[in-house]
Amino acid sequence: MRKVLYILSRLTDEDVDWMATAGKRQRHEAGDILISQGEPVDTLMFVLDGKVSVELQGVGQIASLGSGEMLGEMTLVDEAPPSATVVVTEPTHVLHIDHSALNAKLDIDPYFAARLYRAIAVFLSMRMRSTVQQLGYGKAAAFGEDEIDMSFLDSVTLAGSRFDRLVKKLLTA
């Protein structure tokens, strides 16, 4: 859930409403592949409920993700093929936002683009710091992987309510 809190804390209510309207909610069953390692991805995805597994060829599962996770954000930023496969492990609802619709919105709304790219950049930066620390390089982070930066706490309640509203809107539709 941490990823969606960082992302939605940087966006406005109007941004979240646009994503809910522009996106398409889909139910996926266990075994469905959302992202295939090395294959192009054409949607940005938000896991609304359920669970997915992140897997690397030759390694196996590296993470289990659930409600509130965003998938496909790295491909949106650099257009390189995905570095992992994402497989649904239990019935899961996902909001899919087509890259063409998202890119059109980014082109016509520079403020939305700035907010979204900053949110993704902040989250990817935090992930990179955590990875570097886990590899044993550099100093320990100021806060652990399961902790939240104190400067971020002010926006957590708002981001949480935005996600709750998004889920309710999409799962009761």
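Scroll up for the structure.
Residues numbered from 1 in each chain as written. Predicted model: local features only at pLDDT ≥ 70, side-chain atom pairs only at ≥ 80, totals over all residues. Heavy atoms only, no water.

### Considering helix α5 (residues 110–134)
Helix length check: α5 (25 residues) gives 36 Å between terminal C-alpha atoms against 36 Å at 1.5 Å per residue, within 8%. Within the span of α5, buried status applies to Phe-112, Ala-113, Leu-116, Ala-119, Ile-120, Phe-123, Met-126 and Ser-130. (Helix = DSSP H or I, 4+ residues; strand = E, 2+ residues; numbered from the N terminus. Expected span 1.5 Å × (residues − 1). Buried < 20%, exposed > 50% of the residue type's maximum accessible area, 1.4 Å probe, protein only.)

### What about the sheet that holds strand β2 (residues 33–35)?
If you walk across this open sheet you meet the 4 strands as β2-β7-β4-β5, and the pairing is antiparallel. Where the open sheet ends on each side, the last strands, each with one partner, are β2 and β5 (60–65). Within the sheet, the average angular offset between the axes of one strand and its neighbour, ignoring direction, is 30 degrees. (Pairing = 2+ DSSP bridges. Axes fitted to C-alpha atoms, helices over the stretch in contact; angles between N-to-C directions.)

### Points about the sheet that holds strand β8 (residues 92–98)
Spatially, 4 strands are ordered β1-β8-β3-β6 in an open sheet, and the strand pairing comes out antiparallel. Single-partner strands in this sheet number two, and they are β1 (24–28) and β6 (70–71). Across 5 bridges, β1 lies against β8 in antiparallel orientation. When the bridges of β8 are listed, Arg-25 appears paired with Leu-95. Where helix α4 (residues 99–108) meets the sheet, its contacts fall on β3 (43–49) and β8, and the angle it forms with β8 comes to roughly 50 degrees. (Contact = heavy atoms within 4.5 Å.)

### Quick look at α4
Listed in full, the buried residues belonging to α4 are His-99, Leu-102, Lys-105 and Leu-106. Down the axis, α4 shows its buried residues gathered within 125 degrees of arc, on one side only. With respect to the buried face of α4, the exposed residues turned more than 90 degrees away are Ser-100, Asp-107 and Ile-108. (Arc of directions from axis to C-beta.)

### Notes on the environment of Gly-72
Among the structural elements, Gly-72 can be located in the loop between β6 and α3 (73–78). When the C-alpha atoms of Gly-72 and Asp-42 are compared, they prove to be 8.4 Å apart, with 30 residues separating the residues in sequence. If we skip the residues at most four places from it in the chain, Gly-72 touches Ile-35, Thr-43, Leu-44 and His-99.

### What to know about the packing of α4 against α5
Interhelical geometry of α4 versus α5 gives an angle of 115 degrees and a closest axis separation of 5 Å. Here α4 contributes Leu-102, Lys-105, Leu-106 and Ile-108 to the contact with α5, which in turn contributes Pro-110, Phe-112, Ala-113, Leu-116 and Tyr-117. Residues of the contact of α4 with α5, tallied by class, amount to 8 nonpolar, no polar and 1 charged. (Nonpolar A, V, L, I, M, F, W, Y, C, P; charged D, E, K, R; others polar.)

### Regarding the packing of aromatic side chains
Within this structure, the stated rule accounts for 2 aromatic pairs. One cation-aromatic arrangement involves Lys-105 over Phe-112; the distance from NZ or CZ to the ring centre is 5.5 Å. (Phe/Tyr/Trp six-rings, centres within 6.5 Å; stacked < 30°, edge-to-face > 60°. Lys NZ or Arg CZ within 6 Å of the ring centre and 35° of its normal.)

### What to know about a nonpolar patch on the surface
There is a patch of nonpolar side chains on the surface, built from Met-128, Val-132, Leu-135 and Tyr-137 and spanning about 440 Å² of accessible area. Note that Met-128 resides in helix α5. Among the residues examined, Met-128 registers a relative accessible area of 52% and is labelled exposed. (Patch = residues over 30% accessible without salt bridge, like charges linked within 9 Å, V, L, I, M, F, W, Y side chains within 5 Å. Areas by Shrake-Rupley, 256 points an atom, 1.4 Å probe, with all protein chains shown as cover. Salt bridge = Lys/Arg side-chain N within 4 Å of Asp/Glu carboxyl O.)

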